[in-house]
Each structure stands twice: as C-alpha cells, then as structure tokens.
Amino acid sequence: MKRQWLNIIGKVTLTFTLLALTGCMQMSEMETDKEAGLNGGFEVTKNGLPVNWLMYTPNTVPNSDFKITFDKNNFKEGKQSLMFDVKNCSSTGGKLSPGFTNEFKESGQFEGEGNYELSFWIKNDGSKYRINSGGVSPMKGNMKKLIESDQSLKEWKYLKYEINVPKNRYLRMELNILQPGIFWIDDIQIVKI
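Residues numbered from 1 in each chain as written. Predicted model: local features only at pLDDT ≥ 70, side-chain atom pairs only at ≥ 80, totals over all residues. Heavy atoms only, no water.

## Here we look at the pairing of strand E12 (residues 181-192)
Right, so step 1: Relative to E12, strand E5 (residues 81-88) runs antiparallel, the two sharing five bridges. Within E12, the residue paired with Asp85 across the bridge is Ile182.
Right, so step 2: Relative to E12, strand E7 (residues 114-125) runs antiparallel, the two sharing nine bridges. What sits directly across from Leu118, in E12, is Ile190. (Pairing = 2+ DSSP bridges. Helix = DSSP H or I, 4+ residues; strand = E, 2+ residues; numbered from the N terminus.)

Structure, rendered in structure tokens:
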C-alpha cells in the first residue's frame, strides 16, 4: 500500500512539474528600439531579429526547422526584406508556426475606434502562409483572416486591407508560415483613414 502511494505521489509530482515547465515556455522573441518606430521595412535589426516585432523563432516554435533572415538581394523598399526559409513546420498557426505578430506598442499603438489601412508587399516560393489582423484588447479580440494561400509569387505582390478597430481596442497583425517554402515580406505600412 505504501508503495502505491509513493507511485501516485511520484506521478502527481511529475505531472505538476511538466505543467509548470510548459507554462513557462517562451512563446516569442522580441528586440525593441523605440526610435525605429513601426520598422515595417525591417531595416532596423538587433541580435538577428527585426526590432519591434514579436517573432515566432526557431527558439520558440516546437518541432520546426526554419531560418529568419534579411534578404539584401530581394526587397521592395529600403535595403532588405524579411525572409522565412522554412524546411519543417506545423500548419497550426499562431505561436506554433514560424512568423510574427505585432500590437505596435513600441511604435505607438494604433488604437481606438477607427479604420486603418494595412498594406505590405509579399513574395512566396512554395510555402503556405496566413495573415490575420483585427481589433483586440488584452482579453478580447476579433482577428480576421486577410489572406491564406500557397500560391507561388515570383514577383512582389502588393496587398492592402481596411481594418476596423472598435472602441477600446487596438490593431493587431499576425503572419504565420504553415508549410515549408520561402516567404518574403516588406514595407508594412499602417495609416488611419
């Protein structure tokens, strides 16, 4: 009987330890620079990451194989674009897939009731990607899928969306790579309209 209790106590302890460890897992990485503002062209970098973007990196995305780099030969604006070279990844999205998110706190949130124009340029070679955006608050949100596609884009494609942000909410954007391939993004701009 004593052995059974020790076995049960051991299993309970292991369960709580695993829960505590998974609850402490890092979900994203971020480098900041308030002077860089939005940094929608990904020109300002620190420690291999674009500043002011919450990045889902190889350090934070489980069961994946990918690199985040800056392509100085293939860009739409400035001197480089942000490139995801994905060999293996989950198709789940969110923090479980390569990509990034932003609530634009470092650049001054796009907040309050209003419409915002979100625009950017993308290229794609073999990957499947999804871009969501919407008005959120710390406990609520209305993220909508702007685009999800596996269409190859050999030339840069310009995309523009109007996002409605309700009262007491602020703008959020998220990009996920859902299948292996190479994906580029550049020149993200946000304008209140």
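## Topic: the sheet that holds E5
Right, so step 1: Read across the sheet, five strands follow the order E4-E5-E12-E7-E10 without closing on themselves; strand pairing throughout is antiparallel. At either margin of the open sheet sits one strand with a lone partner, and together these are strand E4 (65-71) and strand E10 (153-165). Strand-to-strand twist in this sheet, taken as the mean axis angle between neighbours without regard to direction, amounts to 25°. (Axes fitted to C-alpha atoms, helices over the stretch in contact; angles between N-to-C directions.)

## With respect to the confidence of the model for the protein
Low pLDDT marks regions whose predicted coordinates should not be analysed in detail.
Right, so step 1: Within the protein, residue pLDDT values average 88, and 85% of them lie at 70 or more.
Right, so step 2: Throughout residues 10-23 the model reports pLDDT below 50, and contacts reaching past four residues in sequence, or to other chains, amount to zero contacts. (pLDDT = per-residue confidence, 0-100. Contact = heavy atoms within 4.5 Å.)

## Some thoughts on the pattern of salt bridges
Right, so step 1: Taken as a whole, this structure holds eight salt bridges when the rule is applied.
Right, so step 2: A salt bridge links Lys160 to Glu117; its shortest N-O distance comes to 4.0 Å. Within this pair, whereas Lys160 is found in strand E10, its partner Glu117 is found in strand E7, the two being separated by 43 residues in sequence.
Right, so step 3: Note on Glu117: relative accessible area 24%, which makes it partly exposed.
Right, so step 4: Note that Arg172 is salt-bridged to Glu174, the shortest N-O span being 3.6 Å.
Right, so step 5: Relative accessible area serves as the criterion here: at 8%, Glu174 is assigned to the buried category.
Right, so step 6: Taken together, the salt bridges that share partners define one network made up of Lys128, Arg130, Lys145 and Glu148. (Salt bridge = Lys/Arg side-chain N within 4 Å of Asp/Glu carboxyl O. Buried < 20%, exposed > 50% of the residue type's maximum accessible area, 1.4 Å probe, protein only.)

## Some thoughts on the nonpolar core
Soluble globular proteins tend to pack their nonpolar side chains together in the buried interior.
Right, so step 1: Grouped together as the largest cluster of nonpolar side chains are 37 residues, with contacts concentrated most on Phe84, Phe100, Phe120, Met173 and Ile185.
Right, so step 2: Counting residues per element, this core draws most heavily on E10, which supplies five residues.
Right, so step 3: The contact partners of Phe120, leaving out residues within four places of it in the chain, are Ile131, Lys157, Tyr158, Leu159, Tyr161, Met173, Ile185, Asp186, Asp187 and Ile188. (Core = buried A, V, L, I, M, F, W, Y, C linked by side-chain atoms within 4.5 Å.)

## Some remarks on unusual backbone geometry
Right, so step 1: The backbone of Asn47 shows a phi angle near 55°, a positive value even though the residue is not glycine.
Right, so step 2: Locating Asn47 in the fold gives a position in the loop between strand E1 (45-46) and strand E2 (49-50).
Right, so step 3: Backbone geometry places Asn63, a non-glycine residue, at a positive phi of 50°.
Right, so step 4: If you trace the backbone, Asn63 turns up in the loop between strand E3 (54-56) and E4.
Right, so step 5: The class for Asn63 is exposed, based on a relative accessible area of 70%.

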